[in-house]
Amino acid sequence: MTCTILVGGQWGDEGKGKCITYFCTKDKPEIIARAGVGPNAGHSVEFNGEKYGLRLTPSGFFNEDARLLIGAGVLVNPDVFKHELDYLSKYNLEGRTYMDANCAIITEKHTKADKDSSYLSKKIGTTGSGCGPANADRINRTIDYAKDIDELKDYITDVPQEVNKAIDEGKDVFIEGSQGFGLSLYYGTYPYVTSKDTCASTAAADVGIGPTKVDQVIVIFKAYITRVGEGPFPTEISPEKAEEMGIEEYGVVTGRKRRVGLFDKKLAKRSCMINGATQIALTCIDRLYPECAKVNKYEDLSQEAKDYIEDIEKDVGVPITIISTGPDLVDTIDLRDEKLN
């Protein structure tokens with residue numbers, strides 16, 4: 001039984017939603033907990049041909065036997081939370097989806113401040129979801145917590161107590177981060193970053209567990225890189241080149257066209273070092289090598305794709321255990337038994 005943390009290794013949009021859903025469906029953890037900043041990060045999930053865009057609900061919601069928890073470190077917009085309960089109602093979220101009493105609450109004041117700030121919205125390129133202003137109020141000790149909001153009283157639990165109890169009882173716990181390493185307030189491309197740290201150690205703190213409780217840290221990378229908003233991007237290519245390569249993308253939350261670049265091994269190596277990665281999940285290999293779409297056996301990948309994967313693994317120095325070859329769960333190569341045992 002293990003406690004696993006998954007975090008993004010680039011600037012977000014690495015395909016966390018698909019990979020989280022894969023892990024949580026195949027491994028069936030008893031608890032799936034959301035860490036990260038808040039509803040400024042969107043996770044895209046596709047299951048049985050249906051697509052979902054999530055901003056607060058843990059992406060493993062398909063596993064109907066799991067408790068879905070939102071850690072105290074996560075900012076909650078009650079409107080987004082309630083919308084997703086309704087949006088995903090056929091998966092029986094009521095009665096198994098809870099947040100910690102100490103989650104800080106985003107209000108209309110915060111979203112307005114985010115959108116009205118030319119510095120945040122134009123220079124930094126924030127999503128306008130209110131997370132930065134809300135975290136500023138949290139630091140100033142002027143924000144409301146979930147325990148202060150009547151409409152949330154039925155959705156509150158002690159997340160650290162639940163998570164630690166499950167780990168102590170030998171149950172599987174999966175913690176999902178949001179955004180990516182390059183957007184960390186501490187280690188990212190400041191000031192073009194999010195409003196808190198996005199690394200695995202902070203994800204653990206977000207849900208209330210200590211480092212000795214963590215067994216696996218999965219850092220997820222896309223086979224190329226995308227970035228929404230402003231900031232340095234050493235391997236960026238032109239929109240024309242991205243279109244020619246068939247790798248243009250749009251953001252889940254903002255709808256903005258993403259900037260696109262080639263895989264950055266220097267960034268990946270630093271990301272794995274600071275996150276303490278024990279394994280790598282690599283997504284969108286099919287976008288670079290269309291002949292590999294929907295392949296689920298490593299030996300069936302093209303030699304060119306294998307060379308690309310093995311070159312990254314050798315240079316970064318962390319085993320690549322999961323390779324995504326498409327949006328659905330079956331489009332996955334799982335090498336964990338081979339590489340971790």
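Presented here is a report on the structure given in the accompanying data block. (Residues numbered from 1 in each chain as written. Predicted model: local features only at pLDDT ≥ 70, side-chain atom pairs only at ≥ 80, totals over all residues. Heavy atoms only, no water.)

**A closer look at empty space enclosed by the protein**
Inference 1: One pass over the full model with this rule turns up 1 cavity of 30 Å³ or more.
Inference 2: Roughly 40 Å³ of internal volume is contained in the largest cavity.
Inference 3: Lining of the largest cavity is provided by Ala35, Gly36, Gly177, Ser178, Asp197, Thr198, Cys199, Ala203 and Asp206.
Inference 4: For the lining of the largest cavity, the per-class residue count stands at 3 nonpolar, 4 polar and 2 charged. (1 Å grid on protein atoms, 1.4 Å probe; cavity = no way out; pocket = protein on both sides within 12 Å on 5 of 7 lines; lining within 4 Å. Points joined across faces, edges and corners; volume = space filled by probe spheres on them. Nonpolar A, V, L, I, M, F, W, Y, C, P; charged D, E, K, R; others polar.)

**Remarks on the packing of aromatic side chains**
Inference 1: Inspection of every chain in the model, using the stated rule, returns 14 aromatic pairs.
Inference 2: With centroids separated by 5.6 Å and ring planes inclined at 80°, the aromatic side chains of Tyr52 and Phe61 adopt a geometry described as edge-to-face.
Inference 3: Judged by centre distance (5.3 Å) and plane angle (75°), the rings of Phe81 and Tyr155 are edge-to-face. Of the two residues, Phe81 sits in helix 2 (residues 78–87) while Tyr155 sits in the loop between helix 5 (131–139) and strand 7 (156–157), which places them 74 residues apart along the sequence.
Inference 4: By relative accessible area, Tyr155 is classed as buried at 12%. (Phe/Tyr/Trp six-rings, centres within 6.5 Å; stacked < 30°, edge-to-face > 60°. Helix = DSSP H or I, 4+ residues; strand = E, 2+ residues; numbered from the N terminus. Buried < 20%, exposed > 50% of the residue type's maximum accessible area, 1.4 Å probe, protein only.)

**A closer look at the packing of helix 3 (residues 108–116) against helix 5**
Inference 1: Viewed as axis vectors pointing N to C, helix 3 and helix 5 meet at an angle of 120°, and their least axial separation amounts to 7 Å. By the angle between their directions, the pair helix 3 and helix 5 is classed as oblique. Crossing handedness for the pair helix 3 and helix 5: right-handed. Contact with helix 3, carried on its side by Lys109, His110, Ala113 and Asp114, involves Cys131, Pro133, Ala134 and Asp137 of helix 5 and no other residues of that element.
Inference 2: Across the contact of helix 3 with helix 5, the residue classes tally to 4 nonpolar, 1 polar and 3 charged. (Axes fitted to C-alpha atoms, helices over the stretch in contact; angles between N-to-C directions. Parallel < 35°, antiparallel > 145°, perpendicular 65-115°, else oblique. Left-handed = near helix turned anticlockwise from the far one by under 90°. Contact = heavy atoms within 4.5 Å.)

**Some remarks on unusual backbone geometry**
Inference 1: Across the junction of Tyr190 and Pro191, the peptide omega takes the value 5°, indicating a cis bond.
Inference 2: Position of Pro191 relative to the elements: it lies in the loop between strand 8 (173–176) and helix 7 (200–207).
Inference 3: At Cys284, a position not held by glycine, the phi torsion is positive, near 60°.
Inference 4: Structurally, the position occupied by Cys284 is in the loop between strand 12 (279–283) and helix 10 (285–288).

**A word on the side chain of Arg138**
Inference 1: The topology assignment puts Arg138 in helix 5.
Inference 2: Buried and unpaired, Arg138 has Asp206 as its nearest opposite-charge partner, separated by 7.0 Å. (Lys, Arg positive; Asp, Glu negative; His and termini not counted. Salt bridge = Lys/Arg side-chain N within 4 Å of Asp/Glu carboxyl O.)

**Let's talk about a negative patch on the surface**
Inference 1: A contiguous patch of negative charge on the surface is contributed by Glu291, Glu304, Asp307 and Glu310.
Inference 2: Its location among the elements puts Glu310 in helix 11 (residues 303–316). (Patch = residues over 30% accessible without salt bridge, like charges linked within 9 Å, V, L, I, M, F, W, Y side chains within 5 Å. Areas by Shrake-Rupley, 256 points an atom, 1.4 Å probe, with all protein chains shown as cover. Charge placed at Lys NZ, Arg CZ, Asp CG, Glu CD.)

**Thoughts on the layout of surface pockets**
Inference 1: In this model, the second largest pocket occupies a volume close to 370 Å³.
Inference 2: As for the second largest pocket, its lining consists of 17 residues, of which Thr2, Asp27, Gln279, Arg336 and Leu340 are closest to the centre.
Inference 3: Residue composition of the lining of the second largest pocket, grouped by class: 6 nonpolar, 5 polar and 6 charged.

**So, the pattern of salt bridges**
Inference 1: The final tally for this structure, using the stated rule, is 21 salt bridges.
Inference 2: For Asp27, the salt bridge is made with Arg336, and the minimal N-O distance between the two is 2.7 Å. In this pair, Asp27 is assigned in the loop between helix 1 (16–26) and strand 2 (31–34) and Arg336 in helix 12 (residues 336–340), connecting sequence segments 309 residues apart.
Inference 3: Taking the relative accessible area as the measure of exposure, Asp27 reaches 32% and is therefore partly exposed.
Inference 4: Looking at Arg336, the relative accessible area reads 15%, which means it is buried.
Inference 5: The closest approach of N and O atoms between Arg258 and Glu249, which form a salt bridge, is 2.5 Å. Glu249 carries the same exposure label as Arg258, and that label is buried.

**Observations regarding the environment of Arg270**
Inference 1: One can find Arg270 in helix 9 (residues 265–275).
Inference 2: The class of Arg270 is partly exposed, set by a relative accessible area of 44%.
Inference 3: Residues Arg270 and Leu340, 70 residues apart in the sequence, show an inter-C-alpha distance of 21 Å.

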